[in-house]
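# Coordinate analysis (summary)
Single-letter residue listing:
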Amino acid sequence: MQTTQMRAVNRDAANCLQVRETELPAPPAGQVRVRVEAAGVSYGDLLFQRGVVPGGPKTPFIPGCDLVGVVDAVGSGVTDLEPGQRVCALVVSGGYADGMNLPAERVVPVPDGMSAVDAAAVSLNYFIAHQMLHRVGKVTSGSRILVHGASGGVGLAFLQLAEHIGGVTVFGTASAANLDLLRRHGAIAIDYRADDFANVIRDNGGKVDVAYDPIGGTHFIRSYSVLRRGGRLVAYGQNDALRNGKPSLRIGAIGFLAGIAAPKLIPDGRTTGFYNALALEKTQPHAYREDLTEVLSLAAANKIAVRELITVPLRDAEEALQRVEAGVAGKIVLDCTA
Ligand SMILES: NC(=O)c1ccc[n+]([C@@H]2O[C@H](COP(=O)([O-])OP(=O)(O)OC[C@H]3O[C@@H](n4cnc5c(N)ncnc54)[C@H](OP(=O)(O)O)[C@@H]3O)[C@@H](O)[C@H]2O)c1
């Protein structure tokens, strides 16, 4: 099968993706070949492309962590999938292409009637938010949580999934323009530029059980400070390590050392950790398929939905990454059939 791939060839902000046409071989044993229809564009793709994430892919590589497509061929030994079936997969890289071979256990069926674009829009953000709420934070009715960047793709996923749990008190930080959005999803909305979230939490019943922080650097320390005894800081991004297009390894190191490692030395009942989907998969191998299936089902039942969906042709992937960096208010999905 002939494929078009968008490969990241350098760490720059412009002219970083190159089109490559190549032949995709028949799937080897245990794999399926997927004709990719849609792939999500995420902040994580941008961080990988800039080389900010320790252990991230080396150039050249194909960005894209979430993809949806139709099984085109199955390798020997694959018995539970057949050509024509629409499937979804989360990967470390490779989504910005119109075809890919994948291990059969990596793909999850998309519910009947759900479009490829809709499935791609929810898969990564809602999957990671679901895992961090249920498997890491053990959030249940009655929990109090802090969600930073609550107007963003992952942030809004936290808010909607917490609404679905019911009875969770959510403090959400965002810009002034997005505070109403947070309130519509039941959160106590905090303007991160004008207000100190620690004061707002203190004035509304005290500390929280779990703080979710994608900001990084010294921000992790501030989030840790609002945890009750026994509470948990779940760090899952280091947005501050990429400011004005420039990666800062210093801010990243401060986040890991002062924000996550140092508090572990103080036995005060509070814990810290950096959520990583792949690390969780090593300890809970069944979680990947269960959680991806669950968020796709919730979306198919209209229980969760992205704020705004923006569809961009595959060949405009570089422009899509630039829009993510500029702070687009919505989820960008590449149309890999265009
Ligand atoms: N660990 C993993 O496995 C994993 C996987 C995928 C993604 N991630 C991470 O998830 C993070 C979020 O991704 P995303 O796609 O949701 O990003 P996004 O849609 O760009 O949202 C980020 C939001 O953060 C807000 N923000 C910026 N600075 C802030 C601050 N100082 N305090 C509070 N909010 C602030 C912005 O809100 P306003 O517009 O309202 O200012 C923005 O909407 C990224 O760091 C990404 O790397 C981690």
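Summarised in this report is the structure supplied together with it. Everything numeric here is computed off the predicted structure, so don't read it as measured data.

### Thoughts on the pattern of salt bridges
Overall, the coordinates contain 13 salt bridges when judged by the stated rule. The closest approach of N and O atoms between Asp72 and Arg35, which form a salt bridge, is 3.5 Å. Placement of the pair is Asp72 in strand 4 (residues 66-74) and Arg35 in strand 3 (residues 31-41), with a sequence separation of 37 residues. For the salt bridge of Asp180 with Arg183, the shortest nitrogen-to-oxygen distance reads 2.9 Å.

### Here's the deal with the packing of aromatic side chains
The tally for this structure, following the rule as stated, stands at 4 aromatic pairs. On the basis of an interplanar angle of 70° and a centroid distance of 5.9 Å, the ring pair of Phe127 and Tyr288 is categorised as edge-to-face. Remark: Tyr288 occurs in helix 9 (residues 287-300) and Phe127 occurs in helix 2 (residues 116-136); sequence separation between them is 161 residues. Take Phe127: its relative accessible area is 3%, and that puts it in the buried class. On the accessibility criterion, Tyr288 (4% relative accessible area) is buried. Taken together, the ring pairs in this structure connect Phe158, Tyr212 and Tyr236 into an aromatic cluster.

### Section: helix 3 (residues 153-165)
Taking 1.5 Å as the rise per residue, helix 3 with 13 residues should run 18 Å; its terminal C-alpha atoms sit 19 Å apart, in good agreement. Those residues of helix 3 that are buried lie in contact with helix 2, strand 8 (144-147), strand 9 (169-174), helix 4 (179-184), strand 11 (208-213) and helix 9. A positive phi of about 85° marks Gly166, the residue just after helix 3.

### Let's talk about the site of the ligand
With respect to spatial proximity, 21 residues lie near the ligand, and among them Ser151, Val154, Ser175, Tyr192 and Asn239 are the closest. Gly149 is positioned with one of its backbone polar atoms (N or O) 3.2 Å from a nitrogen atom of the ligand. Gly153 has a polar backbone atom sitting 2.9 Å from an oxygen atom of the ligand. Compared with its free state, where it exposes 930 Å², the ligand has 81% of that area covered by protein. When residues of the shell around the ligand are traced back to their parent elements, those giving at least two are helix 1 (43-50), helix 3 and strand 9. A total of 3 residues in the shell around the ligand trace back to one element, the largest contributor, which is helix 1. Of the residues contributing to the shell around the ligand, the split by class is 11 nonpolar, 10 polar and no charged. There are two domains that each give the shell around the ligand at least three residues, and those are domain 1 (2-109 + 308-335) and domain 2 (126-279).

### A few points about the nonpolar core
Tyr96 and Tyr212 are the most contacted members of the largest nonpolar core, which totals 95 residues. The element that contributes the greatest number of residues to this core is helix 2, accounting for 14 residues. Both of domain 1 (2-109 + 308-335) and domain 2 (126-279) provide at least three residues apiece to this core. The residues touching Tyr212, leaving out its near neighbours within four places in the chain, are Met132, Leu133, Gly137, Val139, Ile145, Leu146, Val147, His148, Phe158, Val234 and Tyr236.

### Thoughts on the sheet that holds strand 9
Spatially, the 6 strands line up as an open sheet ordered 10-9-8-11-12-15, and their pairing is parallel. Of all the strands in the sheet, just strand 10 (188-191) and strand 15 (271-274) have a single pairing partner and so form its edges. For this sheet the average axis-to-axis angle between neighbouring strands, irrespective of direction, equals 15°. Across 3 bridges, the pairing between strand 8 and strand 11 is parallel. Residue Ile145 lies in a different strand from strand 11, and its bridge partner there is Val210. Strand contacts of helix 2: strand 8, strand 11 and strand 12 (227-235), with the helix running at about 150° to strand 12, the strand carrying the most contacts. Across the sheet, helix 3 is in contact with strand 8, strand 9 and strand 11; its angle to strand 8 comes to roughly 160°.

So, how was this worked out
- Residues numbered from 1 in each chain as written.
- Predicted model: local features only at pLDDT ≥ 70, side-chain atom pairs only at ≥ 80, totals over all residues.
- Heavy atoms only, no water.
- Salt bridge = Lys/Arg side-chain N within 4 Å of Asp/Glu carboxyl O.
- Helix = DSSP H or I, 4+ residues; strand = E, 2+ residues; numbered from the N terminus.
- Phe/Tyr/Trp six-rings, centres within 6.5 Å; stacked < 30°, edge-to-face > 60°.
- Buried < 20%, exposed > 50% of the residue type's maximum accessible area, 1.4 Å probe, protein only.
- Expected span 1.5 Å × (residues − 1).
- Contact = heavy atoms within 4.5 Å.
- Near = heavy atom within 4 Å.
- Polar contact = N/O pair within 3.5 Å; in protein donor to acceptor, adjacent residues only side chain to side chain.
- Areas by Shrake-Rupley, 256 points an atom, 1.4 Å probe, with all protein chains shown as cover.
- Nonpolar A, V, L, I, M, F, W, Y, C, P; charged D, E, K, R; others polar.
- Domains from an automatic or database assignment.
- Core = buried A, V, L, I, M, F, W, Y, C linked by side-chain atoms within 4.5 Å.
- Pairing = 2+ DSSP bridges.
- Axes fitted to C-alpha atoms, helices over the stretch in contact; angles between N-to-C directions.

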